[in-house]
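# Structural overview for review
What follows is each chain in one-letter form.
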Amino acid sequence: MALEPIDSRLIGVGALLKQQRLAVPAYQRPYTWEVEHVKELFKDIIDAKRKNSDQYFLGTVVLTNKDNSIKSIIDGQQRIVTTSILISAVRNYFSQKNDEARASKVREDYISNADLRTMNSSPRVLILPEDQNFYNDYVVAVPDIGQRAPRNLSDTQKRLFHAIKEAQKTINSFTSLSKNPDSDLFDLIDFIEKKVVLVYLDVGSE
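Because the structure is predicted, anything quoted here is derived from the model rather than measured.

## Some points on the overall build of the chain
If you tally the helices and strands in the chain, you get seven helices and eight strands. In terms of overall size, the chain behaves like a compact globule, its C-alpha atoms giving a radius of gyration of 17 Å where 206 residues would be expected to give roughly 17 Å. With the principal axes as the frame, the chain shows a C-alpha extent of 60 × 40 × 40 Å. Expressed as a percentage of its 206 residues, the buried residues of the chain come to 50%. Excluding contacts between residues fewer than 6 apart, the proportion of contacts in the chain whose partners are at least 24 apart in sequence is 73%.

## So, the environment of Leu-17
Within the fold, Leu-17 resides in helix H1 (residues 13–19). Exposure remark for Leu-17: the relative accessible area of 0% places this residue in the buried category. In the structure, Leu-17 is positioned 32 residues away from Lys-49 in sequence and 19 Å away in space, judged by C-alpha atoms. Setting aside chain neighbours within four positions, we find Leu-17 in contact with Leu-22, Ile-80, Ser-84, Ile-87, Asp-109, Tyr-110, Arg-124 and Val-125.

## Brief notes about the packing of helix H2 (residues 35–50) against helix H6 (residues 155–176)
Packing of H2 against H6 leaves a shortest axis separation of 9 Å and a crossing angle of 25°. As summarised for this structure, H2 and H6 are arranged roughly parallel, according to the angle between their axes. As H2 runs across H6, the sense of the crossing is right-handed. Residue-level contacts link Val-35, Val-38, Lys-39, Phe-42, Ile-46 and Arg-50 of H2 to His-162, Ala-163, Glu-166, Ala-167, Thr-170, Ser-173 and Phe-174 of H6. Looking at the contact of H2 with H6 residue by residue, the classes come out as seven nonpolar, three polar and three charged.

## What to know about the packing of aromatic side chains
Counted by the stated rule, this structure contains four aromatic pairs. Their ring planes at 15° and their centres at 5.7 Å tell us that Phe-94 and Phe-186 sit as a pair that is stacked. In this pair, Phe-94 sits in helix H3 (residues 77–96) while Phe-186 sits in helix H7 (residues 181–194), placing the two residues 92 residues apart along the sequence. On the accessibility criterion, Phe-94 (2% relative accessible area) is buried. Judged by its relative accessible area of 35%, Phe-186 is partly exposed. Geometrically, the ring pair formed by Tyr-138 and Phe-161 is edge-to-face, given 6.2 Å between the ring centres and 75° between the ring planes.

## Re the sheet that holds strand S8 (residues 196–203)
Strand order in this open sheet of six strands is S1-S8-S3-S4-S2-S7, and the pairing throughout is mixed. Since the sheet does not close on itself, it has two edges, and those belong to strand S1 (7–12) and strand S7 (125–126), each with one partner. With six bridges connecting them, S1 and S8 associate as antiparallel partners. What sits directly across from Arg-9, in S8, is Tyr-200. Strand contacts of H2: strand S3 (56–65) and S8, with the helix running at about 120° to S3, the strand carrying the most contacts. Its contacts with the sheet place H7 against S1, S3 and S8, and it is angled at close to 35° to S8.

What counts and how
- Along every chain, residues carry numbers that run from 1 in the direction the sequence is written.
- Local features in this predicted model are restricted to residues of pLDDT 70 or higher, and side-chain atom pairs are both shown and tallied only at a pLDDT of 80 or more, whereas totals for entire chains, interfaces and linings draw on every residue.
- With hydrogens and water set aside, each side-chain value is computed from the structure's full complement of heavy atoms.
- Helix numbering and strand numbering both begin at the N terminus, where a helix is a DSSP run of H or I of at least 4 residues and a strand a DSSP run of E of at least 2.
- We take the radius of gyration over the C-alpha atoms and set the globule estimate at 2.2 Å times the residue count to the 0.38 power.
- Partly exposed describes any residue whose relative accessible area lies between the buried limit of under 20% and the exposed limit of over 50%, with all areas from a 1.4 Å probe on protein chains only and scaled to the type maximum.
- Here a residue-residue contact requires only that any non-hydrogen atoms of the pair lie within 4.5 Å.
- Think of each axis as a best-fit line through the C-alpha atoms, taken over the contacting stretch in the case of a helix, with angles from 0 to 180 degrees between the N-to-C directions.
- Under this scheme an angle from 65 to 115 degrees is roughly perpendicular, one under 35 degrees roughly parallel, and one over 145 degrees roughly antiparallel; angles in between are oblique.
- In a left-handed crossing the near helix is turned counterclockwise from the far helix by less than a right angle, and in a right-handed crossing that turn is clockwise.
- Under the convention adopted here, Pro, Cys and the residues Ala, Val, Leu, Ile, Met, Phe, Trp and Tyr are nonpolar, Asp, Glu, Lys and Arg are charged, and Gly plus all remaining residues are polar.
- In summary, the pairing rule links any two rings of Phe, Tyr or Trp, Trp by its six-membered ring, whose centres are within 6.5 Å, and it sorts them by plane angle into stacked for under 30 degrees, edge-to-face for over 60 and tilted for everything else.
- If DSSP finds at least two bridges between two strands, the strands pair.

Structure representation (structure tokens):
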């Protein structure tokens, strides 16, 4: 039996989000990261950016074809989803200061873009169906986040909510320490796109 070829390359996680729509297969576990895992990732990225590191290595992701336009995430869901949440917090910063041009640019490049025919929003990351509406409302859209999680959330949605809150705190802290927060956020997005890198394995089939 012949082995299918595997495409292996190094890619920035932001570049992956920018280039490819990604979906979590139905058989995969849901989002499982607790807030301590989220804090650790965000701290590592911010610290690496402040040190002007050449790269921050995020690990390996394994993808395979779902259809012509979407890749299935076989391994790497937690890191990809969490990074998309951090990027959405950058978008929210620009939206909240009424810089809608930059907020829209971040959204279109990394979070979602509109279908040309229908103009419906197409998220760049599709998680499990039972959690997708929550992700759409709190990550794809600009949310109005209170101090407490909304009622009647599943355990997975509570974890996503806490990750979203942590991303907001991270970006607020990052900008509060900056003399030129807009420029530093541009640099952070560029860092996530080019220097927060993954080993990307594209396998022929599941």
